[in-house]
Amino acid sequence: MPVTRRSLLAGTAVAGAALAVPGTASAAVAGGVASGAGKGEKIRPSDARYQDLVQRGTNRRFVGKPEYARVIRSTEDAVDAVQDAVRSGKRIAVRGGGHCFEDFVDSSDIEVLLDMSTYDEVTFDTRYRAFSIGAGATLETVYKELFYGWGVTVPGGGCLGVGVGGHFSGGGYGPLSRKYGSVVDHLYGVEVVVVDAHGRARSVVATRDNAYKDLWWAHTGGGGGNFGVVTRYLMRTNGASGREPSESLPKAPAALLSSLIVYDWKTIGQAGFVRALRNFFDFYEKNNTADSPYATLYSPLILTTSAAGNFLLSTQLDAAVPNAAGLMKAFNAAMIEGLDSKPQIVEVGAGPFLHTTMQRSIADTPAPGRGKYKAGYLRKGFTDAQLITLYKGLTDPSYNGPDSSVLFVPYGGKVNTVPSGATATAQRNVMCKMVATATWNDPAEDAKQLAWVRKLYADVYRDTGGVPVPNETNAGSYINYPDTDLADPAYNKSGVPWHDLYYLGNYPRLQQLKAKWDPRNVFHHKLSIEAP
């Protein structure tokens, strides 16, 4: 099958949209740091800026109507805004990048919206010997500033417009995580605006080695919107001294080697589909250690529906690892082994790190659509029965959703070397993540689109009550891919509560920290941590 520029761009767009998932801010609360200061004015519906601020979310299923918005430009500004809202008894939500999958920011009961998007400075803080990243910064800003300034990077997500506010606090991962771990494995500290039992707002800098270490731990995967307003993150790899900025975070690769495998829906058939996915799972099960020669390999498998015509495996590898070209060739051969209908392999070649990262990522669209996202961690590959279920759902002739997809994202490696309780990110023995996505534009299609993705997900997890209950194969789900269905017994029939799916055994500790740091439950949403 020939690969046209149009088909590749379409596939890349789908991949980017899917890869944006890691970049999704699950947080109802995010923050940032900037050079500006002063009391933010209240921007009400009559102000020309209001609509732009309330429509920044990238899931147009939800658009809020708060009483007012405030643009936060400093930590002091955030303290003032939170204090004012608490004093007035107003319900608060905070937006960073705008990638929340659910209505945590845009629900109808939100009265005050704090917008952090301009609070995005990236500097090296000599006091803490760590990089200071304003929580309103997007991943594109972070990647460029860290790389151009110091030659370093963080193992964050693959969607450029995602804000670090929610991405980091929910755990954070991306193309470099198999080599360098989760983003929170490089989180030294966090500055947070919290509210005490008396309703007093204040800022706290919590680090992994100061008196507020428990608040730091809560932000190593506890998710946004739970404890306060994050205004900045302090990034320094665990074990690094911070004496030199260029030695404080992972060195970015000099170049990335890339390729694509394009599978044709018309010729692959059910048996070929199952074999292709079995090849993928088998490979990552066998090559999932931190010291593997494939530790830098990242190859999201983007299963668009048959209406899209084809689906893609998009691969990158650090071009400097020994025998990189040979490793790539062997990987591609393993992916097509046993397939009667051979997919097309496109050798993209090597390119400089940042340029290739930008090219393989995707910027936000100026016209976001509507979506529903459902996810799960995999400790090992799905059974053949589950793969046949996926095939039938993706090729359902009654469903026409060319932009919908099921994404499998390689994970594990270095991530799995950290104990489950060392961070709030509990899933430390996995090899991949799955994200099922329905994407559409017409509100009239809401019921049909939601029904399709919900049925697909429920059928895949039929044996565990419709959700990824932790067992030999599953490890729950990822809080940065929030799905309120997991808290609804109509969809979660497992008897396992939603919080155990997201946090495993770490939830009781998070509950204690919720009671300590947000005793008035100022910061909450539909999947927020509840005090014991």
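The rules behind each value
- Residues numbered from 1 in each chain as written.
- Predicted model: local features only at pLDDT ≥ 70, side-chain atom pairs only at ≥ 80, totals over all residues.
- Heavy atoms only, no water.
- Core = buried A, V, L, I, M, F, W, Y, C linked by side-chain atoms within 4.5 Å.
- Buried < 20%, exposed > 50% of the residue type's maximum accessible area, 1.4 Å probe, protein only.
- Helix = DSSP H or I, 4+ residues; strand = E, 2+ residues; numbered from the N terminus.
- Domains from an automatic or database assignment.
- Contact = heavy atoms within 4.5 Å.
- Polar contact = N/O pair within 3.5 Å; in protein donor to acceptor, adjacent residues only side chain to side chain.
- UniProt positions renumbered as here; feature names shortened; annotations may be inferred.
- Phe/Tyr/Trp six-rings, centres within 6.5 Å; stacked < 30°, edge-to-face > 60°.
- Pairing = 2+ DSSP bridges.
- Axes fitted to C-alpha atoms, helices over the stretch in contact; angles between N-to-C directions.
- Parallel < 35°, antiparallel > 145°, perpendicular 65-115°, else oblique.
- Left-handed = near helix turned anticlockwise from the far one by under 90°.
- Nonpolar A, V, L, I, M, F, W, Y, C, P; charged D, E, K, R; others polar.

**A look at the nonpolar core**
Nonpolar side chains tend toward joint burial in soluble globular proteins.
Move 1: In terms of nonpolar packing, the biggest core is built from 106 residues, with M235, Y263, F281, F382, L390 and F408 touching the most fellow members.
Move 2: Broken down by element, the residue count for this core peaks at 10 residues, all from helix α8 (residues 265-286).
Move 3: Residues lining this core come from more than one domain, with at least three contributed by each of domain 1 (40-252) and domain 2 (255-505).
Move 4: Ignoring any residue separated from it by four or fewer positions in sequence, one finds F382 in contact with R278, F281, L387, L390, F408, M434, V460, Y461 and N474.

**A short note on the environment of N279**
Move 1: By secondary structure assignment, the location of N279 is in helix α8.
Move 2: If near-sequence neighbours (up to four positions away) are discounted, N279 is found in contact with A334, M335, I336 and E337.
Move 3: Among the polar contacts listed, one links the side chain of N279 to the backbone oxygen of M335, at a separation of 3.0 Å.

**Structural notes on the side chain of S182**
Move 1: By the secondary structure assignment, S182 is in the loop between α6 (177-180) and β6 (187-195).
Move 2: Beyond its immediate sequence surroundings of up to four residues, S182 is in contact with P155, G171, G172, S177, Y411, V415 and R428.

**Thoughts on the UniProt feature "domain: FAD-binding PCMH-type" (unreviewed entry) in the chain**
Move 1: The residues that UniProt annotates with the feature "domain: FAD-binding PCMH-type" (unreviewed entry) are residues 61-240.
Move 2: Annotated as residues 61-240, this span is 23% helix and 24% strand, and its ends, taken at the C-alpha atoms, are 43 Å apart.

**Observations regarding the packing of aromatic side chains**
Move 1: Tallied over the full model, the rule gives 35 aromatic pairs.
Move 2: An angle of 25° between the planes, with centres 6.2 Å apart, marks the rings of F101 and Y481 as stacked. Note that F101 is positioned in the loop between β2 (92-95) and β3 (112-115) and Y481 in the loop between α12 (446-460) and α13 (498-503), a separation of 380 residues in sequence.
Move 3: Its relative accessible area of 1% is what places Y481 among the buried residues.
Move 4: Relative to Y481, the ring of Y173 lies with its centre 6.5 Å away and its plane at 70°, an arrangement referred to as edge-to-face. Taken as a pair, Y173 in the loop between α5 (164-169) and α6 and Y481 in the loop between α12 and α13 lie far apart in primary sequence, 308 residues in all. Residue Y173 shares its accessibility class with Y481, and that shared class is buried.

**Describing the sheet that holds β3**
Move 1: With parallel pairing, three strands are arranged side by side in an open sheet as β1-β3-β2. A single partner strand is all that each edge strand has here, and the edge strands are β1 (68-71) and β2. Neighbour-to-neighbour, the strand axes of the sheet open up by a mean angle of 25°, direction not taken into account.
Move 2: Bridge count between β2 and β3: four bridges; the pairing is parallel. Bridge pairing in β3 links A93 to L113.
Move 3: This element, helix α3 (residues 75-88), spans β1, β2 and β3 of the sheet and lies at about 160° to β1.

**A few points about the side chain of S404**
Move 1: One can find S404 in the loop between α11 (384-394) and β14 (405-410).
Move 2: Here T439 takes part through its backbone nitrogen, which lies 3.1 Å from a polar atom of the side chain of S404.
Move 3: Those residues within four positions of S404 in sequence are excluded, and the remaining contacts are L303, T304, T305, Y399, T437, A438, T439, Q449 and W452.

**Observations concerning helix α10 (residues 353-360)**
Move 1: Counting buried positions along α10 yields six of eight residues, so the element is predominantly enclosed.
Move 2: Among all positions in α10, only F353, L354, T356, T357, M358 and R360 are buried.

**Focus: the packing of α8 against α11**
Move 1: Contact geometry for α8 and α11: axes closest at 10 Å, N-to-C directions at 140°. As the angle between them shows, α8 and α11 are arranged oblique. Once α8 is placed against α11, the crossing between them reads as right-handed. Contact residues: α8 offers W265, G269, Q270, F273, V274, L277, R278 and F281, while α11 offers D384, L387, I388, L390, Y391, K392 and L394.
Move 2: Of the residues belonging to the contact of α8 with α11, the class tally is 10 nonpolar, two polar and three charged.

**Some details on the sheet that holds strand β9 (residues 255-264)**
Move 1: With antiparallel pairing, the seven strands of this open sheet are ordered in space as β12-β9-β11-β10-β14-β15-β13. Each of the sheet's edge strands pairs with one partner strand only, and the pair in question is β12 (344-352) and β13 (370-378). Taken pair by pair, the neighbouring strands of this sheet meet at an average axis angle of 15°, ignoring direction.
Move 2: The pairing of β14 with strand β15 (residues 432-440) spans six bridges and is classified as antiparallel. Paired with V409 across the bridge in β15 is K433.

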